[in-house]
Every structure is written in C-alpha cells, then in structure tokens.
Amino acid sequence: SPEFIGWMSVVGYASFAVGTVLYHRYFIAWSYRRIWQMTQVVFVALNLLDFIWVSRWNLEIGLPDTAFVLGEEVLSPVFARLSAMPMFII
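Structural notes, computed from the coordinates. (Residues numbered from 1 in each chain as written. Predicted model: local features only at pLDDT ≥ 70, side-chain atom pairs only at ≥ 80, totals over all residues. Heavy atoms only, no water.)

**Quick notes on the pattern of salt bridges**
Counted according to the given criterion, the structure contains one salt bridge. Residues aspartate 65 and arginine 56 are paired through a salt bridge, measuring 2.8 Å at the closest nitrogen-oxygen approach. Classification of arginine 56 by relative accessible area gives partly exposed; the value is 36%. (Salt bridge = Lys/Arg side-chain N within 4 Å of Asp/Glu carboxyl O. Buried < 20%, exposed > 50% of the residue type's maximum accessible area, 1.4 Å probe, protein only.)

Structure follows, in structure tokens:
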C-alpha cells in the first residue's frame with residue numbers, strides 16, 4: 001500500500017540518523033578497514049535476508065512480509081551509514 005511505502009521511507013531515513021549516532025558513539029576510534037570489513041559481513045547477511053524473503057521462508061517462521069521488509073529497511077541504512085561515515089569525515 002502507498003502508506004506502507006511511505007513508512008518504509010520514513011524508517012529508512014531515521015535509520016540513517018541512527019547509523020550516524022552509532023558511528024560517533026562507538027565506532028569513531030575504529031580503523032576504516034575494520035569498519036568496512038564488519039559492514040561487508042553484515043551486508044552479506046542482509047542480502048541473504050532477501051533470499052529468505054523471495055523464498056518465502058519468512059512466512060514459514062511466522063514473519064509477515066511487511067514486518068520482514070520493514071526490518072530489512074531499518075538495518076540496511078544503519079550499516080550503509082556506518083560504512084560511509086569515515087569517508088564523510090575525511
């Protein structure tokens with residue numbers, strides 16, 4: 001529905017802010033290489049979530065599509081921001 005798509009955008013943008021806060025609070029002392037490695041591992045796991053969603057395994061474990069997609073929409077921007085923050089600061 002259009003309303004759900006709108007909420008996905010709102011949640012995605014809020015997640016960018018969360019990623020920025022997490023970086024400044026916990027990851028600012030990490031090297032760029034360490035941050036990049038950690039976020040790449042997380043991105044692989046997040047991309048596997050797409051496979052789970054397309055395979056419809058989320059329904060087998062009781063997660064509706066909307067909750068599953070919204071959860072992925074929250075996590076991806078957080079780690080995208082964490083991955084990019086060192087470049088913004090340089």
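**Digging into helix α1 (residues 2-27)**
The terminal C-alpha atoms of α1, which comprises 26 residues, lie 36 Å apart, in line with the 38 Å expected from a rise of 1.5 Å per residue. Within α1 the residues assigned to the buried category are Met8, Gly12, Ser15, Gly19, Tyr23 and Phe27. (Helix = DSSP H or I, 4+ residues; strand = E, 2+ residues; numbered from the N terminus. Expected span 1.5 Å × (residues − 1).)

**Considering a nonpolar patch on the surface**
Side chains of Ile28, Tyr32, Trp36, Met87, Phe88 and Ile89 sit close together on the surface and give an oily, nonpolar patch of about 640 Å² of accessible area. If one sorts the elements of the nonpolar patch by residue count, helix α4 (residues 65-89) sits on top with three residues. Here phenylalanine 88 shows up in helix α4. Take phenylalanine 88: its relative accessible area is 54%, and that puts it in the exposed class. (Patch = residues over 30% accessible without salt bridge, like charges linked within 9 Å, V, L, I, M, F, W, Y side chains within 5 Å. Areas by Shrake-Rupley, 256 points an atom, 1.4 Å probe, with all protein chains shown as cover.)

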